[in-house]
Amino acid sequence: MSSQSVQKGAFTTLISVFFFWGFVAASNDILIPVFKENLHLTQWQSQLVSFAFYVAYTVGSVIYFGLGALTGGDLLNKIGYKNGVALGLVISALGTLLFIPAAQTESFGLFISGLFTVGLGFSLQQTAANPLAINMGDPKTGSQRLSLAGGINNVGTTIGPLLVSLAIFGSVSSNNSIADIGSIQIPYLILGAAFLLVAFLFKISSIPDTLTTADTAVSDDTPSRKSALQYPQLVLGMIAIFVYVGVEVSTVSNLPEFLKQNNGMATDEIAPWVSLYWASLMIGRWTSAVGAFGAEKSTKALLRWLVPYLAFGVFAGVNYILGHSISRFAPYLAVILVIIAADLLSKGSPSRQLLYFSLTAITALLIGMFSSGMISVFAFISVGLFCSTLWPCIFTLAIAGLGKHTNKGSSFLIMMIMGGGIISLLQGWISSDDLLGIQQSYWIGVLCFAYLAFYAVRAKAILKDQGVKIEG
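Criteria and cut-off values
- Residues numbered from 1 in each chain as written.
- Predicted model: local features only at pLDDT ≥ 70, side-chain atom pairs only at ≥ 80, totals over all residues.
- Heavy atoms only, no water.
- Core = buried A, V, L, I, M, F, W, Y, C linked by side-chain atoms within 4.5 Å.
- Buried < 20%, exposed > 50% of the residue type's maximum accessible area, 1.4 Å probe, protein only.
- Contact = heavy atoms within 4.5 Å.
- Phe/Tyr/Trp six-rings, centres within 6.5 Å; stacked < 30°, edge-to-face > 60°.
- Helix = DSSP H or I, 4+ residues; strand = E, 2+ residues; numbered from the N terminus.
- Patch = residues over 30% accessible without salt bridge, like charges linked within 9 Å, V, L, I, M, F, W, Y side chains within 5 Å.
- Areas by Shrake-Rupley, 256 points an atom, 1.4 Å probe, with all protein chains shown as cover.
- Salt bridge = Lys/Arg side-chain N within 4 Å of Asp/Glu carboxyl O.
- Axes fitted to C-alpha atoms, helices over the stretch in contact; angles between N-to-C directions.
- Parallel < 35°, antiparallel > 145°, perpendicular 65-115°, else oblique.
- Left-handed = near helix turned anticlockwise from the far one by under 90°.
- Nonpolar A, V, L, I, M, F, W, Y, C, P; charged D, E, K, R; others polar.
- pLDDT = per-residue confidence, 0-100.

What to know about the nonpolar core
Membership of the largest hydrophobic core comes to 145 residues, with the highest contact counts inside it found for Phe449, Leu452 and Tyr455. If sequence neighbours within four positions are ignored, leucine 452 has contacts with Ala240, Val243, Tyr244, Leu354, Ser358, Leu390 and Ile394.

Here's the deal with the packing of aromatic side chains
For the coordinates displayed, the defined rule picks out 19 aromatic pairs. Between phenylalanine 99 and tyrosine 188, the aromatic rings sit 4.3 Å apart at their centres with planes inclined by 10 degrees, giving stacked as the arrangement. Taken together, the positions of phenylalanine 99 in helix α7 (residues 99-105) and tyrosine 188 in helix α10 (residues 185-203) put the pair 89 residues apart, joining distant regions of the chain. Plain terms: the ring middles of tyrosine 277 and tryptophan 278 are 5.4 Å apart, the flat faces sit at 90 degrees to each other, and that makes the pair edge-to-face. Of the residues examined, tyrosine 277 reaches a relative accessible area of 0% and is grouped as buried. With relative accessibility at 2%, the residue tryptophan 278 sits in the buried group. Each residue in the set Trp273, Phe312, Phe315, Phe329, Tyr332 and Phe378 is aromatic and connected to the rest through ring pairs, giving one cluster.

Quick look at a nonpolar patch on the surface
Taken together, the side chains of Trp44, Leu366, Phe370, Leu426, Trp429, Leu435, Leu436 and Trp443 define a hydrophobic patch exposed on the protein surface, amounting to about 800 Å² of accessible area. With respect to the element layout, phenylalanine 370 can be found in the loop between α16 (350-369) and α17 (373-387).

Here we look at the packing of α16 against α17
Put simply, α16 and α17 touch, their axes get as near as 8 Å, and they point 160 degrees apart. If you check the angle between α16 and α17, you find them roughly antiparallel. The chirality of how α16 crosses α17 is left-handed. Between α16 and α17, the contacting residues are Phe357, Thr360, Ala361, Ala364, Leu365, Ile367, Gly368 and Met369 on the first element and Ile375, Ser376, Ala379, Phe380, Ser382, Val383, Leu385 and Phe386 on the second. Per-class residue counts for the contact of α16 with α17 are twelve nonpolar, four polar and no charged.

Things to note about the pattern of salt bridges
As enumerated under the stated definition, the model contains one salt bridge in all. For aspartate 343, the salt bridge identified is with arginine 304, shortest N-O distance 2.7 Å. Residue aspartate 343 is found in helix α15 (residues 332-346), and its partner arginine 304 is found in helix α14 (residues 297-321); the two are separated by 39 residues along the sequence. The exposure classification of aspartate 343 matches that of arginine 304, with both residues buried.

Things to note about the confidence of the model for the protein chain
Mean pLDDT for the protein chain: 80, with 85% of residues reaching 70 or above. A low-confidence stretch, residues 1-6 stays under pLDDT 50, and its non-local contacts, those more than four residues away or across chains, total two contacts. Contacts from residues 171-176, a stretch scored under 50 in pLDDT, to residues over four places away or in other chains number eight contacts.

So, the environment of leucine 452
Turning to its location among the elements, leucine 452 is positioned in helix α21 (residues 443-466). Here the alpha-carbon distance between leucine 452 and leucine 354, two residues 98 residues apart in the chain, equals 7.1 Å.

Printed below as a string of structure tokens:
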């Protein structure tokens, strides 16, 4: 078997875990309004679901970093990448077991403890998987491979809210608007079994155990640095990951409350709209991933127009199968044209894509805050389109040129995923009626994207000064 085919097979196995990350993260957005209603929580208390899950990434990264310091080296290089991902999957599986007593006792504390444990496992998985995805091929297309992996992630984010809502409320035809918290344990226990199965598959896969740092091109006169934190692209990138994950999560985790207050939707009607937000990330990532394939130029041009609508078709198909009306989503077909245009303008450049998508997201948020009805709904949901490829863009820019510090840099970036919990909590707090209110609380997102636009410009200049080439 050629090395090229082994690489493709290994990459296929690697991106399977991205599905799980998406399924759980998006399903949290269904748990938030259910817990709020049934456990009598305030909006900011309900955001503790996101807080517990995303802060677990930081705690996990600190543990990983601490164990590496105690053992006198990088932990993943010692135990191997396959073992690292497999161990992370087992930890996440243990977290799903806590859903049994949590559901039986309707304990909010046990529920978020289970999500925290799942997040701990995801932290280790992501620390290994993201640099591997970038490393398994030409560094210049690393962000596009991460976009492809992110597209698999968003298959999980698209169907996760729908399946969890189905488990809690039953089918659409049942007209059941009363949440059955006890049934929450079912999808998570199935997920736990899947974690264990994939952990076994990882052990026997051809995923590399070590990271070969065929590093991005660096000029010979670039000085070696003693610590990953001495690289400004990483330090600024850590802040960028914090605010990026924060705005991605807070936009959708506060969306159910916006839909209820401003559009009069019941809790059991929210899942398709949450699913559309996460499907928007899938649409954007599939669109960006077109560049990762070695197709002819004319074929790529055609795919850039077809693939986003194919991704939307996945969303529509799943909703149709589950009995949801899909005609109400038709206006979104026009919105997708914006992501196609932004992707074409970026020309595969991580810094350009980060800049253009951030500016477009700011525009979408402003439209959402100063409009009403379905225009505001579609505007807020479209933020998912413009968040879609920001993770791979930031990650690629942040670890470029780190060389032997790449693993540590990756760990520091994963640590900053806690932004998903902290910024969600912040937006939930200022969304109270005596402060900004739910619609105007999205100013938080505007500030986040403003920093990301700054990072796009600044990181490009830093890498140019260091002689690091990651863009054509």
